[in-house]
Amino acid sequence: MTYQRGWTVAQAAVRVMVDAGVRNAYTVPADSFLELLDAIQLEPLMRLVAARHESAVAFMAEAEGKLRDRPALLLGSRGPGVYHFATGLHTACEDETPLIVLLADPPSMNLVGGGDDELDQLAFFRPFAKWLARATTPGEVPVLLAQALTEVQRGRRGPAVLAVPADVWGAPFDAPLPAPEPPPERSGALLRSADEVAGLLADSRYPVVIAGSRARQARDELIVAADKLGLSVYNAYRRQDAFPENHARYAGHLGIGIPPRQLDALARADLVLSLGARLDEVTTQNYRYPGPSQTLVVIGPNPLPTRRRGLTVRIDCEIGPFLRELCAVAEPRTRRSSAANAGTHTFMTPPDTRGNALVHPAEVVRAVRKVVPEDTIVAADSSNFAGFVHRYWCFTAPHTQLGPSARAMGYAVPAAVAAKLAAPQRTVVAMVGDASAMMTGQELETAVRYRVPIIVVVIQSGIYGEIAMHQARTHGRLSGVSLGIIDFASWARSFGAVGYTVESPEQLEPTVSRALHHQRPTVIDVRTDPDVVAPDIRLSALFPRTRPN
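Conventions and cut-offs
- Residues numbered from 1 in each chain as written.
- Predicted model: local features only at pLDDT ≥ 70, side-chain atom pairs only at ≥ 80, totals over all residues.
- Heavy atoms only, no water.
- Pairing = 2+ DSSP bridges.
- Helix = DSSP H or I, 4+ residues; strand = E, 2+ residues; numbered from the N terminus.
- Axes fitted to C-alpha atoms, helices over the stretch in contact; angles between N-to-C directions.
- Parallel < 35°, antiparallel > 145°, perpendicular 65-115°, else oblique.
- Left-handed = near helix turned anticlockwise from the far one by under 90°.
- Contact = heavy atoms within 4.5 Å.
- Phe/Tyr/Trp six-rings, centres within 6.5 Å; stacked < 30°, edge-to-face > 60°.
- Buried < 20%, exposed > 50% of the residue type's maximum accessible area, 1.4 Å probe, protein only.
- Lys NZ or Arg CZ within 6 Å of the ring centre and 35° of its normal.
- Salt bridge = Lys/Arg side-chain N within 4 Å of Asp/Glu carboxyl O.

A. Spotlight on the sheet that holds strand β10 (residues 271-275). Pairing is parallel across the open sheet formed by six strands, whose spatial order is β9-β8-β7-β10-β11-β12. Edge positions in the sheet fall to β9 (250-253) and β12 (312-315), since each of these pairs with one other strand and no more. Taking each pair of neighbouring strands and ignoring which way they run, the sheet shows an average axis angle of 20 degrees.

B. Quick peek at the packing of helix α12 (residues 361-371) against helix α19 (residues 508-516). Contact geometry for α12 and α19: axes closest at 9 Å, N-to-C directions at 45 degrees. Between α12 and α19, the angle falls in the class oblique. Considering the relative orientation of α12 and α19, their crossing is right-handed. On the side of α12, the interface is formed by Glu-363, Val-364, Arg-366, Ala-367, Val-368, Lys-370 and Val-371, while α19 contributes Leu-508, Glu-509, Val-512, Ser-513 and Leu-516.

C. Focus on the packing of aromatic side chains. Scanning the model with the defined rule gives eight aromatic pairs in all. Note on Tyr-83 and Phe-125: the rings are 6.4 Å apart at their centroids and 20 degrees apart in plane angle, and the pair reads as stacked. Taken as a pair, Tyr-83 in the loop between β3 (72-76) and α4 (86-94) and Phe-125 in the loop between α5 (121-124) and β5 (131-134) lie far apart in primary sequence, 42 residues in all. Each member of the pair Tyr-83 and Phe-125 is classed as buried. Joined through ring pairs, the aromatic side chains of Tyr-83, Phe-124 and Phe-125 make up one cluster. Against the face of Phe-347 rests Arg-391, its NZ or CZ located 3.9 Å from the ring centre. Of note, Arg-514 hangs over the ring of Tyr-500, and the distance from its end group to the ring centre comes to 5.2 Å.

D. How the structure looks around the sheet that holds strand β18 (residues 522-527). Pairing is parallel in the open sheet, where six strands are placed in the order β14-β13-β15-β16-β18-β17. For this open sheet the edge positions go to β14 (401-402) and β17 (498-502), each flanked by a neighbour on one side alone. Sheet analysis places strand β15 (residues 428-433) next to strand β16 (residues 455-460), joined by five bridges and oriented parallel. If you follow Val-429 over to β16, its bridge partner there is Ile-455. Helix α14 (residues 412-422) contacts β13 (377-380), β14, β15 and β16 of the sheet and is inclined by roughly 175 degrees relative to β15. Contacting β16, β17 and β18, helix α18 (residues 488-495) runs over the sheet at an angle of about 175 degrees to β17.

E. The arrangement of the pairing of β16 in detail. The buried fraction of β16 amounts to six of the six residues, a majority that puts the element mostly inside the structure. Alternating positions in β16 separate into two faces, Ile-455, Val-457 and Ile-459 on one and Val-456, Val-458 and Gln-460 on the other, with burial throughout. Note that β16 and β18 share six bridges and pair parallel. Of the residues in β18, the one forming a bridge with Val-457 is Ile-524.

F. Structural detail: unusual backbone geometry. Note the cis peptide between Tyr-289 and Pro-290, where omega equals -10 degrees. Mapping Pro-290 onto the fold places it in the loop between β10 and β11 (295-299). Phi at Glu-96 is positive, roughly 55 degrees, even though this residue is not glycine. Taking relative accessible area as the criterion, Glu-96 reaches 3% and is therefore assigned buried.

G. Looking closely at the pattern of salt bridges. One pass over the structure, following the stated rule, counts 31 salt bridges. One salt bridge in this structure joins Arg-278 and Asp-280, with 3.3 Å as the shortest N-O distance. Looking at Arg-278, the relative accessible area reads 29%, which means it is partly exposed. Put simply, Asp-531 and Arg-538 hold a salt bridge, and the shortest N to O gap is 3.3 Å.

Everything listed here is a matter of geometry and, on its own, says nothing about what the molecule does.
Here you go:
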C-alpha cells in the first residue's frame, strides 16, 4: 500500500483508480466535485474528458470499458441531469461492461437545506448496478473505491455506483491507500469441470459453441479449441468479434433476421456450450435455442436462462483458463462444419446493387470495409442501418465491434470518441443512421476539441426505417416517421470537422480514402435509398396491395 502524507480524498481516490488501470474520466463538469476534477487534471496518467451531454458521456465510459475490459470513470453531479446516465448504465449492465460511476450526494454538512427533498440518485440506479455504496465519511471514499474496482472485474462484469458527499473531496486523507483484491487463483474445481465437459464432448455428435461477451478475452483459446475439438462457433448478438467470421469453423451471428439455413448447425446440435454469452431473446432466436433435447453448458458467470427446459450445467469460471484445461484433457475430434460455414458466407455476401439509382446501404458497408484497415473499430447503435453492418461487415480482428445489445440509440458517435481516446493508434468508424446522429452527434465537437480523428458515416435515409416497416405491415400507412434532410457535411464543418456528401456509389471509396488521411474528425453524409429499410426488405413491398374489383 502507498502512503502519502498531505493528500486530499480526491488525490487519494485518483491514485487508487490509476493504480487499478483507470485511464479516462468522463463527465459533464459540475460544481459537485471540483476538487476531484482538479486532481484528475493534475494526474499525468489520467485524462479528464468533458463532453456535451450526460447520455453521451455515459456511452463513452461504457464503450471504453467494453473495449479495454478495464473500467473507465463516469462522474455525475447532483440534479436531474444525472438521470440521463440511465441508458448508458443499462447498457453496461446488459453487456457486462466494467464501469465505475461516482455520483454526487448532498454535502455531509448541509447548511442550505433541501437535501431531504432530493431524489435518491443511488436508489434510482440500483436496477442497473452490480454494486452500490454510499460514503458517509471522507476516509471511506478510497476504501469503497477499491471495493468497487474489485467488484466490477470479478465474476460477471458490470457498473459499480458510489455516492460521495459533495464536500468530502477536499478533506485530508492520511492513511495507507487501499488496493483492489487480486483475482482468485485457479482451483482444482476448474480441472474437474473441464473433465466433465470433455466427457460430454466425447459423447456428442454435433457440439456447438455460442461465444458471448466474456469470450472476447479468450479469443485465441477459443480458436484453438474449435480447431482441435471440431466445434462450430456462433457469435452472440452484437458480439461478432468474439470469434473471427472468416474462420472455417464459424457458423454465424445470432442476430436479427437470421435465415433458417444459417441456424441449421444450432438446430442439429445435441450439445451447446455457451461461453460467456447472455442468452437473451435475440441470441436465442426468441428463446427457441437451445431446445429441451439439447444439453446446455453455461461457462462463465452468466445467469442461467429463466425459460430453459432441458439438461443444463453451469460452470462459473473465466473462459480462457477453462478452454486451456479443456484442450489439455479432451480428445481431438474432426467434425464437419462446411455446410454451416458456406451458408453463413452466402448470407454475408452483399447483393448486386448496380441497378440502384440511389446508394444502397449494403454498398456503404462494403465500400467502408474494403478501404479501412483490418483492425478498424466499428461503433454502431440500434438504428435500422445497424442490421446492414451486422450482416455485411465481416469482423475478423479482435476488439473491433462496439454496439449495445440492449439496442440503445445514440450510442455510435460517443462510443467512437471514447474508442479513439482509448486506442489512438487504431482507425475508428461510427456507422450511424441520421436519426441516431442527431441524438448524440453534438459529441463531434468533443472529438474536435480533443483532436480525436474519428470517421462518422451517417446513413441519411430521411425516415425512421424500423418504425416505418412495422407501420407498413400493420396499418398500410406511415405516421410520424418522415425526417427532414440535413446537410451533415456543413453541420460537421460548423464544429471544425471535415464534411463530405456522397450521393452515388462511385463516390464512396474515394471519400473514405480521403477521410483516412485527415487528422481531424470527418463526417461522411451518405444519401441512401429510403425504400431499402433492411437487407432483404423494401418498404414499398410491405404495403398491402389493392385488391381488384
